[in-house]
Amino acid sequence: MSHVRLWHAAPGNPGIATLAACHPVDPCDGPAVAALATALKVDLVVVGPEAPLIAGVADAVREAGIACFGPSQAAARIEGSKAFAKDVMAAAGIPTAKSRTCTSETEIRAALTEFGAPHVVKDDGLAAGKGVLVTDDYAAALAHALDCERVVIEEYLAGPEFSAFALCDGSTRSVLLALARDYKRVGDGDTGPNTGGMGAYSPVAWLPDGVEDTLSEAVIEPLLAELQRRGTPFSGVLFPGLVLTVSGVKVIEYNARFGDPETQVVLERLDTPLAGLLMACATGTLKPDTDLQWSSDVAVNVVIASDGYPDDPVTGDPITGLDTAAAVDSVDVLHAGTTLADSGELIAAGGRLINIVARADTAAHARSNAYKAADRVQLRGQVRRNDIAADLI
Ligand code: AMP
Ligand code: GLY
């Protein structure tokens, strides 16, 4: 017997519209999302990005009696406030950079001097990956810090970065997914300003053996236990951004959602159906010994962003060539900030627009297919990195 599956997205984009019915509902409006889910009689709501989670949309959906994947507003603060995250990490004994939370110029100057260059200055609130400044320039660090109402200044952690996703069900149980590497800076060779992420790959072959156990024991479980102790248990996906320093793995930050562009490469390799896992998280029935099936292939994602990204993305320009890009062997073309113009033309509607995800038996093969497909995408002034996964080859 075949099963009919119906997917809905709010608000969605022209990419997901090929799979799901899209609804013009504000994803940050909890009552509106809950009302839509009730009207559609859905089994499960997945609250994706950080803004709706921090706005309490998952709470509104659960209050309407519908299973929901995603943390409560209170637990999502682990991403919403860098100062709160630092406080929780300190209480739980989690390895991370030493830091100071500052609200005055005197405190800011003292912290910049204490930790020295390179300076790491983080706006306490949400800033779509752009509130963090890492610089050797004291004056620039001071200026950014003074622009923030509350600012976290911290020790610089040197080393390669990677990302982990742990599925959590509101208890202290969790299941770690495959690891990924993201490229945060806009330019080749990790130059230029920070972005939401310009590309990714999975698996991360250069990590030491046993890193998954270290992550579960030192990074995931203590955090879940501390949030539970505070009366705000976490369910959904916990996403620590990590760095492999000379003194071991340290946490740069926690996010309360799947990461972009890492999720595209992690899920590309996951052969176990995802929906059942998300439902288990939503209903508190995740089995910690869940045996996930992973492809041994390498997945590589190259992001195509608008002209001017990240400072001042140009919107409204047409994007073409996606069909020919998707025709490259084992390539998927996934949408982010795209929309359809009245003319029916696909146009840029945000910063990061398109993900070109290639999967192959070797990193070299996946990388060359990803770039072969990316070369077929036409967009005036597009911003893209040309060194994604080059470090694997
Ligand atoms: P965050 O938004 O906290 O993930 O920071 C964005 C990016 O800034 C990270 O991916 C790192 O590349 C960089 N960064 C943040 N904190 C530190 C740190 N303490 N040391 C070195 N780089 C950092
Ligand atoms: N790629 C990092 C993030 O999603 O925050």
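The structure contained in this document is the topic of the report that follows. Just so we're clear, the structure is a prediction, and the values are computed from it rather than from any experiment.

So, how was this worked out
- Residues numbered from 1 in each chain as written.
- Chains lettered and ligands numbered in written order.
- Predicted model: local features only at pLDDT ≥ 70, side-chain atom pairs only at ≥ 80, totals over all residues.
- Heavy atoms only, no water.
- Helix = DSSP H or I, 4+ residues; strand = E, 2+ residues; numbered from the N terminus.
- Rg over C-alpha atoms; globule rule 2.2 N^0.38 Å.
- Buried < 20%, exposed > 50% of the residue type's maximum accessible area, 1.4 Å probe, protein only.
- Areas by Shrake-Rupley, 256 points an atom, 1.4 Å probe, with all protein chains shown as cover.
- Pairing = 2+ DSSP bridges.
- Axes fitted to C-alpha atoms, helices over the stretch in contact; angles between N-to-C directions.
- Parallel < 35°, antiparallel > 145°, perpendicular 65-115°, else oblique.
- Contact = heavy atoms within 4.5 Å.
- Nonpolar A, V, L, I, M, F, W, Y, C, P; charged D, E, K, R; others polar.
- Near = heavy atom within 4 Å.
- Polar contact = N/O pair within 3.5 Å; in protein donor to acceptor, adjacent residues only side chain to side chain.
- Phe/Tyr/Trp six-rings, centres within 6.5 Å; stacked < 30°, edge-to-face > 60°.
- Patch = residues over 30% accessible without salt bridge, like charges linked within 9 Å, V, L, I, M, F, W, Y side chains within 5 Å.
- Salt bridge = Lys/Arg side-chain N within 4 Å of Asp/Glu carboxyl O.
- Lys, Arg positive; Asp, Glu negative; His and termini not counted.
- Charge placed at Lys NZ, Arg CZ, Asp CG, Glu CD.
- 1 Å grid on protein atoms, 1.4 Å probe; cavity = no way out; pocket = protein on both sides within 12 Å on 5 of 7 lines; lining within 4 Å.
- Points joined across faces, edges and corners; volume = space filled by probe spheres on them.

## Brief notes about the overall build of the protein chain
Within the protein chain, the regular secondary structure consists of 12 helices and 22 strands. Taking 393 residues into account, the globule formula puts the C-alpha radius of gyration at 21 Å, and the protein chain, at 21 Å, falls close to it. Residues counted as buried form 50% of the 393 residues belonging to the protein chain. As presented, the protein chain carries roughly 17200 Å² of accessible surface, and 52% of it is formed by carbon and sulfur atoms.

## Notes on the pairing of strand β14 (residues 191–194)
Bridge analysis of strand β13 (residues 185–187) against β14 gives two bridges, and the strand direction is antiparallel. What sits directly across from G187, in β14, is T191. Hairpin connection of β13 to β14: three residues between the antiparallel strands, including G189 at a positive phi of 70 degrees.

## Overview of the environment of E63
In this structure, E63 sits in helix α3 (residues 57–63). Separated by 144 residues in sequence, E63 and L207 place their C-alpha atoms 41 Å apart.

## A closer look at the packing of helix α4 (residues 73–80) against helix α5 (residues 82–92)
Orientation of α4 relative to α5, taken along the N-to-C sense of each, is 100 degrees, at an axis distance of 6 Å. One finds that α4 runs roughly perpendicular with respect to α5. Touching R77, I78 and G80 of α4 are K82, F84, A85 and V88, all from α5. Residue composition of the contact of α4 with α5, grouped by class: four nonpolar, one polar and two charged.

## Quick notes on the site of ligand 1
Every one of the 15 residues lining ligand 1 counts as a neighbour, but E154, L157, E161, K184 and E253 are closest to it. Between a nitrogen atom of ligand 1 and a side-chain N or O atom of E154, the distance comes to 2.7 Å. For ligand 1, an oxygen atom lies 3.5 Å from a polar atom in the side chain of N194. Considering ligand 1 on its own, with 470 Å² of exposed area, one finds that the protein chains cover 94% of that surface. Within the residue set of the shell around ligand 1, elements represented by two or more residues are β6 (119–123), β7 (132–135) and β17 (248–255). Tallied by class, the residues present in the shell around ligand 1 amount to seven nonpolar, one polar and seven charged.

## Overview of the site of ligand 2
Surrounding ligand 2, one finds D182, K184, G196, F239, R257, G259, D260, P261 and E262. Between ligand 2 and the protein, one listed contact pairs a nitrogen atom with a backbone N or O atom of G196 at 3.0 Å. One of the backbone N or O atoms of D260 is found 2.8 Å from a nitrogen atom in ligand 2. Burial of ligand 2 by the protein amounts to 91% of the accessible area it has alone, namely 200 Å². The class makeup of the residues in the shell around ligand 2 is two nonpolar, two polar and five charged.

## A closer look at the packing of aromatic side chains
All told, the structure shown has five aromatic pairs when counted by the stated rule. Ring plane angle 75 degrees and centroid distance 4.9 Å describe the contact between F165 and F239, whose orientation is recorded as edge-to-face. Of this pair, F165 sits in the loop between β9 (161–163) and β10 (166–169) while F239 sits in strand β16 (residues 235–245), and the two are 74 residues apart along the sequence. For F239, a relative accessible area of 4% corresponds to the buried category. Pairing Y183 with Y201 gives two aromatic rings, centres 6.2 Å apart and planes at 65 degrees, and the pair type is edge-to-face. Placement of Y183 in the loop between β12 (181–182) and β13 and of Y201 in strand β15 (residues 199–202) is noted, with a sequence separation of 18 residues between them.

## Points about a negative patch on the surface
A surface patch of like charges, here negative, comprises D209, E212, D213, E217 and E221. Relative to the helices and strands, D209 is located in the loop between β15 and α8 (211–229). Of the residues examined, D209 reaches a relative accessible area of 80% and is grouped as exposed.

## Some words on empty space enclosed by the protein
Applying the stated criterion to the full structure yields one cavity of 30 Å³ or more. Estimates place the volume of the largest cavity at around 80 Å³. In this structure, the largest cavity is lined by 13 residues; those nearest its centre are K82, A85, I252, E253 and Y254. The dominant element in the lining of the largest cavity, judged by the number of residues it contributes, is α5, at four residues. Within the lining of the largest cavity, the residues separate by chemical class into six nonpolar, one polar and six charged.

## Digging into the sheet that holds strand β8 (residues 151–154)
On the basis of which strands lie adjacent, the open sheet formed by four strands has the order β5-β8-β6-β7 and antiparallel pairing. Whereas interior strands pair on both sides, the edge strands pair on one side only; in this sheet they are β5 (99–102) and β7. With strand direction ignored, the average angle separating the axes of adjacent strands in the sheet is 20 degrees.

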